Amino acid sequence: MFSLKKILSFSRFTSKKKDGIFYNKMKDLLGYAPKNLSFYSEAFTHPSYQYQKATRKSYERLEFLGDAILGAVIADYIFTNAPEQDEGYLTKMRSKIVERRNLNQLGEELQLLSFLRTKLTPKQLGNNITGNLFEALIGAIYLDKGYKTCFKFIERKLILPYINIKNLEEKVISHKSLLIEWCQKHKRDFSFEAEEDVEDRSETKYFVAKVYVEGFSVTRARATSKKRAEESAAKRTCYKIQGKQHYKLDVK
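In this text the structure is predicted, and so the values were computed from the model without any measurement. Counting restarts for each chain: residues are numbered from 1 in the order of the written sequence. The model is predicted, so local features are restricted to residues of pLDDT at least 70 and side-chain atom pairs to those at 80 or more, both for listing and for counting; the totals for chains, interfaces and linings are taken over all residues. Computation of side-chain values covers all heavy atoms of the structure but excludes hydrogens and water.

A separate point is the overall build of the protein chain. Strands here mean DSSP runs of E at least two residues long; helices mean DSSP runs of H or I at least four residues long; both are numbered from the N terminus. The helix and strand inventory of the protein chain stands at 11 helices and 3 strands. Overall, the protein chain shows an N-to-C arrangement of helices and strands of α-α-α-α-α-α-α-α-α-α-β-β-β-α. A 1.4 Å probe rolled over the protein chains alone gives each residue an accessible area, and that area as a share of the maximum for its type sets the label: buried under 20%, exposed over 50%, partly exposed in between. For the protein chain, buried positions account for 36% of its 252 residues. Pairs at least 24 residues apart make up 55% of the contacts formed inside the protein chain by residues separated by at least 6 positions. Residues are treated as being in contact if the distance between any of their heavy atoms lies within 4.5 Å.

Further remarks concern the pattern of salt bridges. Within this document, salt bridges are pairs made up of a side-chain nitrogen of Lys or Arg and a carboxyl oxygen of Asp or Glu, the two lying within 4 Å of each other. All told, the structure shown has 4 salt bridges when counted by the stated rule. Note that Glu 181 and Lys 92 form a salt bridge whose closest N and O atoms lie 3.8 Å from each other. Here Glu 181, found in helix 10 (residues 175-185), pairs with Lys 92, found in helix 4 (residues 87-97); they are 89 residues apart in sequence, far enough to count as distant. Look at Glu 181 and you get partly exposed, because its relative accessible area is 30%. Close ionic contact of Arg 222 with Asp 197 constitutes a salt bridge, the shortest N to O distance being 2.9 Å. Placement of the pair is Arg 222 in strand 3 (residues 216-223) and Asp 197 in the loop between strand 1 (190-196) and strand 2 (207-213), with a sequence separation of 25 residues.

Before going further, it helps to spend a moment on the packing of aromatic side chains. Two rings belonging to Phe, Tyr or Trp (six-membered ring only in the last case) form a pair when the distance between their centres is within 6.5 Å. Interplanar angles under 30 degrees mark stacking, angles over 60 mark edge-to-face geometry, and anything in between is tilted. Counted under the stated rule, the structure contains 3 aromatic pairs. On the numbers, 5.3 Å between centres and 55° between planes, the contact of Phe 44 with Phe 115 is tilted. One end of the pair, Phe 44, is in the loop between helix 2 (37-43) and helix 3 (59-81); the other, Phe 115, is in the loop between helix 5 (100-109) and helix 6 (122-125), with 71 residues separating them in the sequence. By relative accessible area, Phe 44 is classed as buried at 1%. By relative accessible area, Phe 115 is classed as buried at 14%. For a Lys NZ or an Arg CZ to count as sitting over a ring, it must be within 6 Å of the ring centre and within 35 degrees of the ring normal. The positively charged end of Arg 222 is found above the aromatic ring belonging to Tyr 206, 3.9 Å away from the centroid.

Sheet strands pair via backbone hydrogen bonds, and the direction of the pair is either parallel or antiparallel. One bridge is not enough; two strands pair if DSSP finds at least two bridges between them. Spatial ordering of the open sheet is given by 1-2-3, a layout of 3 strands whose pairing is antiparallel. One side of each edge strand has no neighbouring strand; the edge strands of this open sheet are strand 1 and strand 3. On average, each strand axis in the sheet is inclined to that of its neighbour by 20°, with strand direction left out of account. Axis lines are fitted to C-alpha atoms, over the contacting stretch for helices. Their N-to-C directions set the angle, which ranges from 0 to 180 degrees. The strands touched by helix 10 within the sheet are strand 1 and strand 2, with strand 1 carrying the most contacts at an inclination of about 150°.

This part covers the packing of helix 7 (residues 129-145) against helix 8 (residues 147-162). Running from amino to carboxyl end, helix 7 crosses helix 8 at an angle of 145°, the nearest separation of the two axes being 7 Å. Considering only the axes of helix 7 and helix 8, their crossing is right-handed. Contacts between helix 7 and helix 8 pair Phe 134, Leu 137, Ile 138, Ile 141, Tyr 142 and Lys 145 from the former with Tyr 147, Thr 149, Cys 150, Phe 153 and Ile 154 from the latter. A crossing counts as left-handed when the near helix is turned anticlockwise from the far one by less than a right angle, and as right-handed when that turn is clockwise.

Even without glycine at this site, Gln 111 takes up a positive phi of about 55°. Along the chain, the position of Gln 111 falls in the loop between helix 5 and helix 6. For Gln 111, a relative accessible area of 54% gives the class exposed. Of note, Lys 187 is a non-glycine position whose phi angle comes to about 55°, a positive value. Along the chain, Lys 187 turns up in the loop between helix 10 and strand 1. Residue class for Lys 187 comes out exposed when judged on its relative accessible area of 74%.

Right, let's talk about the nonpolar core for a bit. Counting 44 residues, the largest nonpolar core has Met 26, Tyr 40, Phe 44, Leu 112, Phe 134, Leu 137 and Ile 141 as the members making the most contacts within it. Contributions of two or more residues to this core are made by helix 1 (4-30), helix 2, helix 3, helix 4, helix 5, helix 7 and helix 8. Excluding its chain neighbours within four sequence positions, the residues that come into contact with Ile 141 are Leu 30, Tyr 32, Tyr 40, Gly 146, Thr 149, Cys 150 and Phe 153. Residues Val 211, Ala 229, Cys 238 and Ile 241 belong to the second largest nonpolar core, which totals 15 residues. What we call a nonpolar core is a set of buried Ala, Val, Leu, Ile, Met, Phe, Trp, Tyr and Cys residues that are connected through their side-chain atoms within 4.5 Å.

The subject of this paragraph is the pairing of strand 2. Strand 2 sits mainly inside the fold: 6 of its 7 residues count as buried. Sheet topology places strand 1 next to strand 2; 7 bridges connect them, and they run antiparallel. Note on strand 2: the bridge partner recorded for Phe 192 is Val 211. Pairing of strand 2 with strand 3, which is carried by 7 bridges, proceeds in the antiparallel orientation. Note on strand 3: the bridge partner recorded for Lys 210 is Arg 220.

Okay, structure coming up:
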């Protein structure tokens, strides 16, 4: 029979082996040797994995910190690389870069979900989990290595491969906001109406959104949330304005 001493020794050996595997994975992901592995362990721990609420640590706090650091790094980069642009331009460019879809896609490409310790299935984790983990990772890097290392990591993984300021100028992140700005600039009355699609008989709840300009119904769209339906309807309206009426939606 194993003695208690041998059992405890084996347990510590197994734990160290797991830490060693995780350490090597983090080293490959980061491109450098992590100094304090506990920060990265926390960044990839879901709340469902921790049982005792009093001592529970998860990626959520690091996600909060990483979100702020990411915003600062992107602001730093844009400020340096667009020296002649005003505050409004800088704000728009930063919003386009840190858009949730971009972060989710980057998190997927980095396969961050494979590092996550959780008791939930991928579907239960939600659509934004990979972007959340990327922000948590940024928070861990900041605590472990500081701002300069954070900047270099974000530059290497996000800015250099994906960011082109000139291309970003043409990218629309919210057609609803663009339509509202255009209507205000051209002094057009507009309104949005969104309500549940009561005629739908499927198990999924759908909403129908309509856009009115100068009192006329321009277009409608259907989606699983009011926000998505309004955005889709606004996008169709923007295309109609650009195409049929020969207006350019330029609100600069």
